[in-house]
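Chain residues, written in single-letter form:
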Amino acid sequence: MNRGVAITGMGIISSIGNNVEENYQSLIAKKNGITKIENFKTIQSDSIKVGEIKIINAIFEKLLNLPKENNYTRTALLAEIAAKEAVKNANIKDINKYKTGLISATSVGGMDKTEQFFFSDENKEKNKKYILSHNAGDATKKIAKSLNITDFVSTISTACSSSANAIMLGARMIKAGKLDRVIVGGSDCLSKFTINGFNTLMILSKTDCKPFDENRTGLNLGEAAAFLVLESDKIVKKENKKVLAYVSGYANANDAFHQTASSENGEGATLAMNKALKVANLKATDIDYINAHGTATPNNDQSESRAILRVFNTKTPSFSSTKAYTGHTLAAAAAIEAVYSVLALQNQIVFPNLNFETPITETNLTPETEVVTKEINHVLSNSFGFGGNCSTLIFSKV
Amino acid sequence: MKNCYINGVGSVSAQETSDYETFLENYKEITTNITTVCKPNYRDFIKPNRIRRMASGVKNGVVAAKIALTEANLDSPDAIITGTGMGCTIDSEKFLKNIVANDEQFLTPTSFIQSTHNTVGGQIALSLQCNAYNVTYVHNATSFETSIIDAMLMLNDDASKILVGAVDEIGKQTTEFYKEAKIVKPEEIIFKDGLLNSKTKGTSLSEGAHFFVLENEKTTNTYAKIKAVEIYDILEENKIEEKIHQFLKDNQLDIDTIDAVILGNNGNVEFDCIFNNLQNGIFKHTQQLYYKHLSGEYYTANGFGLYLASNILKNQEIPEIVKINHKENKSLKHILLYNQYRGEEHSFILLSSC
Amino acid sequence: MDNLKQELKEKIIENLNLEDMNVADIDDNDVLFGDGLGLDSIDALELIVMLDKDYGIKIADPKKGKSIFESINTMAKFISENRN
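Cut-offs and rules
Residues numbered from 1 in each chain as written. Chains lettered and ligands numbered in written order. Predicted model: local features only at pLDDT ≥ 70, side-chain atom pairs only at ≥ 80, totals over all residues. Heavy atoms only, no water. Contact = heavy atoms within 4.5 Å. Buried area = accessible area lost by both parts, 1.4 Å probe. Salt bridge = Lys/Arg side-chain N within 4 Å of Asp/Glu carboxyl O. Polar contact = N/O pair within 3.5 Å; in protein donor to acceptor, adjacent residues only side chain to side chain. Helix = DSSP H or I, 4+ residues; strand = E, 2+ residues; numbered from the N terminus. Nonpolar A, V, L, I, M, F, W, Y, C, P; charged D, E, K, R; others polar. Domains from an automatic or database assignment. Buried < 20%, exposed > 50% of the residue type's maximum accessible area, 1.4 Å probe, protein only. Pairing = 2+ DSSP bridges. Axes fitted to C-alpha atoms, helices over the stretch in contact; angles between N-to-C directions. Parallel < 35°, antiparallel > 145°, perpendicular 65-115°, else oblique. Left-handed = near helix turned anticlockwise from the far one by under 90°. 1 Å grid on protein atoms, 1.4 Å probe; cavity = no way out; pocket = protein on both sides within 12 Å on 5 of 7 lines; lining within 4 Å. Points joined across faces, edges and corners; volume = space filled by probe spheres on them.

Digging into the interface of chain B and chain A
Right, so step 1: With 60 residues of chain B in contact, the opposing surface of chain A contributes 62 residues.
Right, so step 2: Note on chain B versus chain A: buried area summed over both sides is about 5100 Å², and carbon and sulfur give 63% of it.
Right, so step 3: Among the residues chain B hides against chain A, the three largest losses belong to B:Glu104, B:Phe112 and B:Phe177. Together they make up 13% of the total.
Right, so step 4: At the boundary of chain B with chain A, the tally comes to seven salt bridges.
Right, so step 5: B:Glu344 is the partner of A:Lys141 in a salt bridge, and the nearest nitrogen-oxygen pair spans 2.8 Å.
Right, so step 6: On the surface where chain B and chain A come into contact, there are 32 residue pairs in polar contact (both at pLDDT 80 or more).
Right, so step 7: Those elements that place two or more of their residues in the side of chain B that touches chain A are α3 (89-101), α4 (110-113), α5 (119-128), β3 (133-137), α6 (143-156), α7 (172-180), β6 (224-232) and β10 (344-352) of chain B.
Right, so step 8: Considering each element in turn, the side of chain B that touches chain A owes the most residues, seven residues, to α3(B).
Right, so step 9: Of the residues that constitute the side of chain B that touches chain A, the class distribution is 29 nonpolar, 21 polar and ten charged.

Structure follows, in structure tokens:
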């Protein structure tokens, strides 16, 4: 049987925890990480809530033993914390013993620093060192150097589905025998740029977001990073590696409907879910839990609900969006939700969809609202983004 | 490994390459430190109601994609794969400027929406109504090369027709900072003695868009075959020759069977020495070509390199203007492209004639 | 009122980059969205900001834009009734 590609390590930092264990404890305790913004000044701070990590950059720099004159952006800091945890968790001693690659994802890149000096003279001098760390590839290059990965290093940016595509490419490269091992994931920090950007679209919620609720009022932005270590069967066998779960299915489709909005019938999402099932060689009825994209915007949740109904018909499995815990962490979302999907498989638990009260009239779908223990063999995770980018990943139990 | 043929090529660059019926006929060597593209007539390619929100990079990308698709006679590819080093710089700068100028108030969505890195890929999908696989690579000077690697993986799997390309555009403020950081040369006339004889730091910044239709099957319009692509984010200088030998060996070739090598010299004295060492070493007896005196430098300038290689293999003729040295070539069978940017992000692309 | 309508047409052309259009091309009753002038949901958000910035009128729910921005006539009427 084609089990897919082995996941042998994972690492995460989000507003609900600084590592995998802390994230898991928050998830089962129904403890969210949605608060007011504290780390930087913005005039939006009283009108919105976000999933902010309450650790300032200086502390991260210390934790990572960075020299004083480093030019790490927050995206890079979060990325390195999570990537190091993943490598440690996979118990990798010599990274170059096998052909190892790194594929990361981001949408914010170094904008958190760029926005402080680009058009303001006041901060220009001390921030000049960040000119080159603006690029989306910068954080990836930094973690590659710190992990000593030199060859295949790349970065993907497909808005809010970015890290799903990083995981997908990594799995494909291992399957094709191009790499023996690959570290895949994504990182995005909060920035004034994205907060104001989403604000112009009028899709930011003033309160804790309510995914899949009839009276949902938009999303909470968040920041996070997460990485998985994927390894070939050859390594797993040779090193007697502990496998956490398998990446068994993946797909990417384009909604080709509108630059930012999803189509009403969820065309792209439906295509992505069906194709991922095909790749995994599974039927819709084999899926035990859907970790939905569920951003809590009126448009996404309607469109995704419709797509779920198209794929699963009347037999929709347990589903939930974990965005009410972490906020929408953009390019990192698929990676952190990949970690949550693996945790669901390992612990045989469905994580609740917080803040849900009333089903959407049109689609009448009710997510899980409590921590539920049940048999879970396959988890399907959705991530959709601007530009019509829709990606689906399927994770399977060992 | 299944075949990967280049069956359509579209280019918008500092040269008149969007006039796809000609090939570098009226070339002009770059003489300024900042050079924008030779603008095509956008309205011939893009509907007015779409064009109104597009910054130049997006327009150039859509035009290059349409030219490539038309040449290959393809309506809807099995995948759209885009590379961009900087993404949509113009709209990013515009939105950021408004945030600062208006203290986060009265902001409108258009420039934010257009600022995401995947705008070009998304716009191509929208205009073709194409639901296929769509991804954007954003890793500096290997963004384009990773896109081809992905495309070749897909062609080896279940796809047979793929649109792959790369775009970068010049943002005004970014350029100012690049000048300060000495990435861009300061003086206006920079290559008085030619790019190859430059003795100063920094390069000449430009922009461009290049798209290619890659297919499993050969057609009457086939330019060349892509045999292999490899990238190295970090490569010690003394290991480059070894990696080139290995790359060619993996493809059953050696240096002597390479008819031309296309190098990415960009006039930056700090890093062109990497190319110079190869020119005087491993490639001493090989026909050496360069192109950044025509394209200028940007993260995805190697798209121009592939445009050049494709045309050379199809026409079986090398334009004098791109020759570094002069060697006798009976026929042109294999071309190797080697590029690196500021000593990192090395890439090898191997092409063969058909 | 006629001045306001003229002003709105100029602003719509300018803010939404309708490069090929002149004020004379827009009739007071023309449907602005969909099959009419071809505006879409992104334009609606642009117009909401314009109302706020230029006329001091805040619209919290983007769905309300639909009826307000139906035509130049409906927009002018809404602005004259709500501006300070």
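There's plenty left to go through after this.
So, the domain arrangement of chain A
Residue and element names in this part refer to chain A.
Right, so step 1: Each assigned domain of chain A is listed with its residue range as follows: domain 1 (5-238) and domain 2 (247-396).
Right, so step 2: Contacts between the two partners involve 66 residues from domain 1, matched on the other side by 64 residues from domain 2.
Right, so step 3: Summing both sides of the interface, domain 1 and domain 2 together bury roughly 5100 Å²; the carbon and sulfur share of this comes to 68%.
Right, so step 4: Taken together, the links from domain 1 to domain 2 amount to three salt bridges.
Right, so step 5: The shortest N-O distance in the salt bridge between Asp301 and Arg216 comes to 3.9 Å.
Right, so step 6: Our count for the domain 1 to domain 2 interface comes out at 27 residue pairs in polar contact (both at pLDDT 80 or more).
Right, so step 7: Those elements giving two or more residues to the side of domain 1 that touches domain 2 turn out to be β1 (5-13), α1 (20-28), α7 (162-175), β6 (181-188), α8 (192-200), β7 (221-222) and β8 (224-231).
Right, so step 8: It is α7 that contributes the most residues to the side of domain 1 that touches domain 2, nine residues altogether.

Let's talk about the interface of chain A and chain C
Right, so step 1: Every contact between the two is made by four residues of chain A and, on the other side, seven residues of chain C.
Right, so step 2: Between chain A and chain C, roughly 470 Å² of surface is buried when both sides are summed, and carbon and sulfur atoms account for 73% of that area.
Right, so step 3: It is A:Leu201, A:Met202 and A:His258 that lose the most area in chain A upon contact with chain C, and together they represent 78% of the buried surface on that side.
Right, so step 4: At the junction of chain A and chain C, the tally comes to zero salt bridges.
Right, so step 5: Linking chain A with chain C are one residue pair in polar contact (both at pLDDT 80 or more), by the criterion used here.
Right, so step 6: Partitioned by chemical class, the residues of the side of chain A that touches chain C number two nonpolar, two polar and no charged.

Some remarks on the side chain of B:Glu215
Residue and element names in this part refer to chain B.
Right, so step 1: Tracing the backbone through its elements, the reader meets Glu215 in strand β5 (residues 208-215).
Right, so step 2: Classification of Glu215 by relative accessible area gives buried; the value is 6%.
Right, so step 3: Among the polar contacts made by the side chain of Glu215, one reaches the side chain of Asn7 at a distance of 2.5 Å.
Right, so step 4: Apart from the residues lying within four places of it in its own chain, the contact partners of Glu215 are Asn3, Cys4, Tyr5, Asn7, Leu74, Leu155, Ser160 and Lys161.

Section: the pattern of salt bridges
Close approach of charged atoms allows side chains with opposite charge to pair.
Right, so step 1: Within this structure, the stated rule accounts for 40 salt bridges over all chains.
Right, so step 2: Put simply, B:Arg52 and C:Asp43 hold a salt bridge, and the shortest N to O gap is 2.7 Å. In this pair, B:Arg52 sits in the loop between α1 (48-51) and α2 (56-72) while C:Asp43 sits in helix α2 (residues 41-55), so the two residues belong to two different chains.
Right, so step 3: According to the relative accessible area criterion, B:Arg52 is buried, its value standing at 7%.
Right, so step 4: Classification of C:Asp43 by relative accessible area gives buried; the value is 1%.
Right, so step 5: Linking C:Lys11 and C:Asp54 is a salt bridge whose minimum nitrogen-to-oxygen distance equals 3.1 Å. Taken together, the residues C:Lys11 in helix α1 (residues 2-15) and C:Asp54 in helix α2 connect sequence positions 43 residues apart.

Some words on the sheet that holds strand β3 (residues 50-51) of chain A
Residue and element names in this part refer to chain A.
Right, so step 1: A sheet is described by the order of its strands in space; here three strands give the open sequence β2-β3-β7, paired in mixed fashion. Taken across any chain shown, the strands that pair with only one partner, and hence form the sheet edges, are β2 (34-35) and β7.
Right, so step 2: Sheet analysis places β2 next to β3, joined by two bridges and oriented antiparallel. The partner of Thr35 across the bridge, within β3, is Val50.

Remarks on the packing of α1(C) against α2(C)
All names here are of chain C.
Right, so step 1: Relative orientation of the contacting elements α1 and α2 amounts to 130°, with a least axis distance of 12 Å. If you check the angle between α1 and α2, you find them oblique. The handedness of the crossing between α1 and α2 is right-handed. Across the interface between the two elements, Leu4, Glu7, Leu8, Lys11, Ile12 and Asn15 of α1 pack against Glu46, Leu47, Met50, Asp54 and Tyr55 of α2.
Right, so step 2: Of the residues contributing to the contact of α1 with α2, the split by class is six nonpolar, one polar and four charged.

Concerning empty space enclosed by the protein
Regions of empty space are outlined by a rolling probe, equal in size to a water molecule, passed over the atoms.
Right, so step 1: The final tally for this structure, using the stated rule, is nine cavities of 30 Å³ or more.
Right, so step 2: Taken as a whole, the largest cavity holds about 320 Å³ of empty space.
Right, so step 3: Lining the largest cavity are 25 residues, and of these A:Ser107, A:Phe193, B:Ser115, B:Thr116 and B:His117 sit closest to its centre.
Right, so step 4: Of all elements in the fold, only α8 of chain A together with α3 of chain B reach the threshold of two or more residues within the lining of the largest cavity.
Right, so step 5: The dominant element in the lining of the largest cavity, judged by the number of residues it contributes, is α8(A), at three residues.
Right, so step 6: In terms of residue class, the lining of the largest cavity is built from twelve nonpolar, 13 polar and no charged.
Right, so step 7: Its volume calculated, the second largest cavity comes out at about 150 Å³.
Right, so step 8: Along its surface, the second largest cavity is lined by 15 residues, and B:Met86, B:Glu169, B:Tyr178, B:Leu205 and B:Tyr298 are the ones closest to its centre.
Right, so step 9: Broken down by element, the residue count for the lining of the second largest cavity peaks at three residues, all from α7(B).
Right, so step 10: The class makeup of the residues in the lining of the second largest cavity is seven nonpolar, five polar and three charged.

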